Amino acid sequence: MIELVLISALIPFALLLIWKLEGKTADLIASLVLGVSLLLNGVAVYDFFSKGSEKVYHTSYVTTGNLGEVFGINVDVASILMGFVSILIAFLMAVYASRFLDSGKGKFYALFGLLTGASMVFIYSTNLVQFAVALELMAIAILGLIELGGAKTDALKAFLVLNVGVLLILGAVAVLGTGQDLTTATYDGTAFLLLIFAAFMMSSQFPFYSWLPDSTASPIPASAYVHAASIVPLGAYMLFRVIQYMKPNDDYFWVLGSLSVALVILMMIYYPLQRDAKRLITYSTMAHAGVAYITLAYALLGHVAGIQIALYQVVNHAVVKALAFASVGGLALAYGTTDLKLIKGMRRTVPWASIAWFLSFLGLSGVLPLGLFFSKAFTIMSTRHAKGIASWLFPTVILIDAAIFLVVVLLWFRESFFGEGEPKKEPKVIVAVLIVLIIVGIVMPWVSLDVVMKIGFAG
Amino acid sequence: METTAKLAFSFIGVLLTFLLPPYLDGIARRVKARLQYRRGPPLMQTWYDLNKLFSLPSVKPTKSALFTWAPYLALASAVIGALLLPYGNVVPIDIGFNLVVFFYVILMVSVFLMLAGLTVQNAFSHLGSAREMQIILTVEPLIAILYGVLAYNAGSLNISDIIANLHLTPSLVMTYVLLAYALYVESGFMPFDIAEAEQEVIGGPLSEYSGRLLGVFYYAIYIKRFALLWFFVSLLVLPWVGPINTTLKAAEVLAVQFLLTVALYPVIASLEATNARLRIDHVVKMNTRAFFAGIVILAIAFMGW
Amino acid sequence: MILEYAIGAFILGGLVGLLRDYKATVKASSFMAFLGSLALLWQVYEVYTSGPVSGDLFGIPIRIDDLSIVFLLIIGLVGAAASLYAINYMELFEKVGKGWVYAIAYNTFLASMTLIVTADSMEYFVMGWELMTLSSFVLVFFSEKARDVNASVKYYITMHFLDTIPLFLALGTAYSLIGNFEELTFENIANAMATAPASTKAVFTALLMVAFMAKSGMVPFHFWVAETYRAAPTSVSAVMAGAMEKVAIYGLIALIWRTVGTSYNLGLFVAVIGAITLTVGTLYALRETNAKRLLAYSSIGQMGYVWFGLGVGMALIPKGGFLGAVGALGAFAGLFHALNHAIFKASLFLSAGAVEYRTGTVELNELGGLGKTMKVTALAALFASLAISGVPPFNGFISKWLIYVSGYYSDSYILALGAVLAAFLSAGTLAYSIKLYGAQFGGEMKRYESVQEVPAGMLVGQWVLAGLTLLIGVFPGTVTGILNVFNAPINENLYKIGFQSVMFSPVLFVIVLGVLTFGLYLVFKPEFGKEAKPWDCGSTQIDEDEYRINAEGYYLKYEEKIGSFYRLGDWFYRVGAGAIHYITRAYLWMASYFTKIVDTPYTRIETLDDLREREVMHIDEEVFKPLIRFLNIAKNVIPGIRLGTFVVIALVVVGAIVGLLIVM
């Protein structure tokens, strides 16, 4: 089974070969490659759960004397869940992209494959070197993807910030030595602090939070993947892994908690200023990553619920965010813009995209039936259990953030949703992706809740 | 008390309810006439008027069934209201000897009057109905608060308990005064007959009624006035006569009730004769003041005075 | 569990949305909702006869106890009538389309309320609550008219701030006591609360209180109600006013009273809120001229009665003894009134909807004369109007009367004054009901001469409820068994109902009234002479349709005289609007520091759109500006530098570091 996982993680790299291809062939190959990867991963997932979800499968492929394992695959209930969600969204976005892009398809798919493969390698990793290398690859991919959108400075910015993240991880490696293999790690304060900031770089948190909003130039399917199941949530995933294996004490509780809270508060200021749907959901991505970090801060107090709910939050956010981007893509196709000010009567113009828009944008503020409702509920429940002032600060900030986002969305809803509009044709593929995402979004939280509840601290 | 006596008292109650009210109006008319140095009509005059109305067919301004039925429902409500009260110590219809029921049953007369006024397409009758409702709106809170004082004073909302347990306090005296006022307004005597106000709105809700149906409505209104007065008289008399356990005493009490009712009507008549009709906003203002006075009285009652 | 059938029917009703045809969809889904509601009633009967049921519904822990069935009864009755009615009524919205939205939202709405009152886990309680809010929100903007969409947005935002946030925090508080996601049953919470510090209890109670006050439209959180009920399709408004508000009462009893416990002061608070609300709601309803808004304000007022009754219970039951009995009576009367209000208010909404169905308007000023053409609807409306005004022998009388009794007997000045207000505003209720009935059905108007009675399904929907107002009024014993969850010492048998010596016998009353009315009718048999048009002073130029008082004019003088009350209310409204204005200003001021002035400096920031014109400023960008400038210069100075160059540099650096780390 672990081989299946390894193969499914490596296959997407094959897309680098279609760099020069164009047109339908590229679409077909990309969908096929990621489809195969998804299929293999799915088989592995089935296999994993049929053998009992409490088992951990770990194989080291490359080991060095000084650093221990530098390339290995660790399959447990957390990585199997995250990996499956990631490859699922990658596949859906690749399918979605086939109707979305006009030219430069080969280049796009190649970079997208690189991103997907790197993300998968990242997910199944339990050593910091592998994290660093995979992140470097992701950074390169996103540099290319943003450049495709024509925003060179922004591309460079994202690249540089992510490289700072890589350097911070490497710093932690230097501090930990062989302990960089998390399965053998013992807690080290300096390394943990470095890793917190490395994760913050990835998730576009303090102090370098502006690279993500400026990266919206990249094609929508790529943005969707980056926001939903790649770099941004993987920052939180990495910290989740670190906490799960290192079992840190609460020395840095306030560093992690207060910086995340500060970011979430900052996001509340940014929401109403946006008129571009893409940028609006970008800020929400950052806030949701912040919420995951807040829950991780709670985990620092030694509560296993903290890491469980953090992953639950990441997984639920992935689906909702993918749906949000997909709906915005639908709008972009129909109106030629994502500026909500210019979009009127979307319910008549693009019925399917409008449904997805309604569900996902409300869903982002934690409205049923999508999963963020549940993760919000569990986040509130667990953080209300935190210590001291945090027991009020954390849940209140999360709730008010969601409420402000909801108000902003509802005000746009009032302006853009109803009214006169000419029905336009929505490509079937896009509709299919939307429907799949809606169904997954409704079903997933019920399934994944049981899965994340099996996560525990290592050892 | 044995059943026959009970039946006899009930029968007297029924007789009083059906027969006395028009006579009382006759008395009032006589008194008013005398005050104006006229000779006045005979005491039976109101009966003659009613009889004449009963013998005339009605003009039909609408097909609505409610228009036809409202007078009868109003009359039935008024009669029930009157029969809920004690005659001597006997209540003819014991469907729940309590204040709130009495309050609502009497209200039903107005409800059907208003509904009747609204069934026809006539601005005057609509206006009359709306006025009737506005008076109710201002007088009901007053009555509600006075009932509150009575209930607190006696510890019950049951009329017989109230009668048995009332004890004399300053607040109770004030309550009696205010209650007299409230019931006077509720009865729609001059200067509070704003809803019907012949000269302004040609009879208000009744303006489209004629003949027999009008007679029935008038009859209902007389009985309602009688019931309210009888209620007040009973509150005045019964608490202070001690337990009534013999037929003789009951008969004496009934006689006192009857005499007091008859005696109070000239007072009402003289009030009517010496006052000009108020405007609706005046009434609202007066009753609002009375309501706040009631709140004070309730507070006084709760302080134990 | 029969509940499964109900939920199954609701799910099926939602799935019916897959049919493409609008009419087929709304009819079939409404019918499934009707069946589901019937199943709920069956479940009520089952539990009533054979005791509480616990179980598991699709993984959701369920416990249907004596309290749940009171509310299931309400949901079932209102749901059944409104759904039956909706089968025809929803045709009104054919132009809007999207029948599937209605199918899903309406069935979800009913199912979520069912879930709330039966779930035995606070998590699912909150989930059901959110689902209820969401589905009602969707139904409110169903018509897609701009004004309705506005109302729905206002509703949802209000609910989010006043319901979702406090509920989530309360849920978190409960979790922080128990520390396990799976064990948040009401019983466990109650046990944990028993040993919790007083501050935790107070916080928990306060949070939940806000949520429940907001949902049942208590002052000062009543501002959303009128527009929301006006905007929703009328059959939905009926369910919202009839059932959704009551769910908050369930929360009050199940989550506050039964888990945290009650005290005299808490009860007094609830009662005072109720007394204030019944005053405000009723007096505002008096002034209203839109039938649905009038009914919405009336709902606020009637919910005030319910809260007042429950408040008396919460205040006095802990005292025990005679006062405890009075308290139990108050709580019983409150619940009874909740049921009664559900019945007559839903019925009134359905009647208003019937009028809307045929005339296209609910503006009372424009309506009139429909009593002639819509006889059956008119009679149903009359029944419900008399019931809501508390006229005996309708059901409203009994519950209101018992509420007064409990207030008068409470031995507390404040509660007694509350009862006085309740009795007074009963007259106010009568006033607006008379207006509502008179303005729609009174008189005769040419304009509506050709109007026809509504289809049979809608009539049955109205009459199920209108008939119940009389049935329950005459035989209160039919429901008192279910309603008496507080073991109030009421005396009742088939003939009468009462508390201690205060009794009322509705059966006897009806008989006496009937006999007298018919007797008098026979004695003075009406005899009609000629037919004549109403007397109009002999005018020839008069517009007969306008020869009347329109709804606005009914109580104008009274409204003027109590104008200071309305001015006070309007002042509060302005304060609220002002607060929102200043919050917005404060936000704009703060947010202006997060934007960059691009071309025209010194432009005034008046609205959000002014700010949106500007470029967003990021803190990190501003801090690292020198570095970025330097890099830019470097990029321009060094020849041949491209993005790829950076990639190569990064790869080399990272590779070197990794290599070094491995080797050293």
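Residues numbered from 1 in each chain as written. Chains lettered and ligands numbered in written order. Predicted model: local features only at pLDDT ≥ 70, side-chain atom pairs only at ≥ 80, totals over all residues. Heavy atoms only, no water.

Chemist: Got a sec to walk through helix 3 (residues 66-89) of chain C? Specific residues and values, please.
Modeler: If you check helix 3 of chain C, its first and last C-alpha atoms are 34 Å apart, about what 24 residues at 1.5 Å a residue would give, namely 34 Å. When you tally the buried positions in helix 3 of chain C, you get 23 out of 24 residues, the bulk of the element. (Helix = DSSP H or I, 4+ residues; strand = E, 2+ residues; numbered from the N terminus. Expected span 1.5 Å × (residues − 1). Buried < 20%, exposed > 50% of the residue type's maximum accessible area, 1.4 Å probe, protein only.)

Chemist: So what's going on with the sheet that holds strand 5 (residues 502-504) of chain C? Which residues, and what values?
Modeler: All names here are of chain C. The strand order across the open sheet formed by three strands is 3-4-5, and the pairing between neighbours is antiparallel. On the outer flanks of this sheet lie strand 3 (490-492) and strand 5, each paired with one strand and no other. Strand after strand, the sheet turns through a mean of 20° between neighbouring axes, direction not considered. In this structure, strand 4 (residues 497-499) lies alongside strand 5, joined through three bridges in antiparallel fashion. Counterpart to Ile497 in the pairing with strand 5 is Phe504. Contacts from helix 13 (residues 321-359) reach strand 3 and strand 4, with the element oriented near 145° to strand 4. (Pairing = 2+ DSSP bridges. Axes fitted to C-alpha atoms, helices over the stretch in contact; angles between N-to-C directions. Contact = heavy atoms within 4.5 Å.)

Chemist: Explain empty space enclosed by the protein to me, and be specific about the residues and the numbers.
Modeler: Rolled over the atoms, a probe with the dimensions of a water molecule shows which regions are left empty. Scanning the entire structure with this criterion turns up eight cavities of 30 Å³ or more. Approximately 200 Å³ is the volume attributed to the largest cavity. Taken together, 19 residues form the lining of the largest cavity, with B:Glu132, B:Glu186, B:Gly188, B:Glu196 and B:Lys224 sitting closest to its centre. Elements represented by at least two residues in the lining of the largest cavity include exactly helix 4 (99-119), helix 5 (123-154), helix 7 (170-187) and helix 9 (211-237) of chain B. At four residues, helix 5 of chain B tops the list of elements feeding residues into the lining of the largest cavity. Of the residues in the lining of the largest cavity, the class split is 10 nonpolar, three polar and six charged. What the second largest cavity holds in volume is close to 100 Å³. As for the second largest cavity, its lining consists of 13 residues, of which A:His288, A:Leu364, A:Lys376, A:Ile398 and A:Ala402 are closest to the centre. Elements with a minimum of two residues in the lining of the second largest cavity: helix 11 (277-299), helix 15 (372-383) and helix 16 (390-416) of chain A. Here the lining of the second largest cavity gets four residues from one element, more than from any other, and that element is helix 16 of chain A. (1 Å grid on protein atoms, 1.4 Å probe; cavity = no way out; pocket = protein on both sides within 12 Å on 5 of 7 lines; lining within 4 Å. Points joined across faces, edges and corners; volume = space filled by probe spheres on them. Nonpolar A, V, L, I, M, F, W, Y, C, P; charged D, E, K, R; others polar.)

Chemist: I'd like a description of the pairing of strand 1 (residues 57-64) of chain A, backed by residues and values.
Modeler: Residue and element names in this part refer to chain A. Bridge count between strand 1 and strand 2 (residues 68-75): seven bridges; the pairing is antiparallel. Across the sheet, Thr63 pairs through a bridge with Glu69, a residue of strand 2. Connecting the antiparallel pair strand 1 and strand 2 is a turn made up of three residues.

Chemist: If you had to explain the interface of chain B and chain C to someone new, which residues and values would you point to?
Modeler: Counting residues at the interface gives 77 residues for chain B and 71 residues for chain C. Between chain B and chain C, a total of about 6700 Å² is buried, with carbon and sulfur atoms accounting for 75% of that surface. Taken together, the links from chain B to chain C amount to one salt bridge. Across the pair B:Arg212 and C:Glu527 runs a salt bridge, and its minimum N-O distance is 3.9 Å. Applying the counting rule to chain B against chain C returns 17 residue pairs in polar contact (both at pLDDT 80 or more). Secondary structure elements with two or more residues in the side of chain B that touches chain C: strand 1 (58-60), helix 3 (65-83), helix 4, helix 5, helix 9 and helix 11 (280-302) of chain B. (Buried area = accessible area lost by both parts, 1.4 Å probe. Salt bridge = Lys/Arg side-chain N within 4 Å of Asp/Glu carboxyl O. Polar contact = N/O pair within 3.5 Å; in protein donor to acceptor, adjacent residues only side chain to side chain.)

Chemist: Which residues make up the packing of aromatic side chains, and what values do they have?
Modeler: Using the criterion set out here, one finds 97 aromatic pairs over all chains in the structure. Centroid distance C:Phe504 to C:Phe509: 5.8 Å. Interplanar angle 55°. Geometry classified as tilted. The same class applies to C:Phe504 as to C:Phe509, namely buried. Among the aromatic side chains, those forming a connected cluster through ring pairs are A:Trp357, A:Phe358, A:Phe361, A:Phe413, A:Phe417, A:Phe418, C:Phe137, C:Phe141 and C:Tyr156. Sitting over the ring of C:Tyr264, C:Lys319 keeps its end group 4.2 Å from the ring centre. (Phe/Tyr/Trp six-rings, centres within 6.5 Å; stacked < 30°, edge-to-face > 60°. Lys NZ or Arg CZ within 6 Å of the ring centre and 35° of its normal.)

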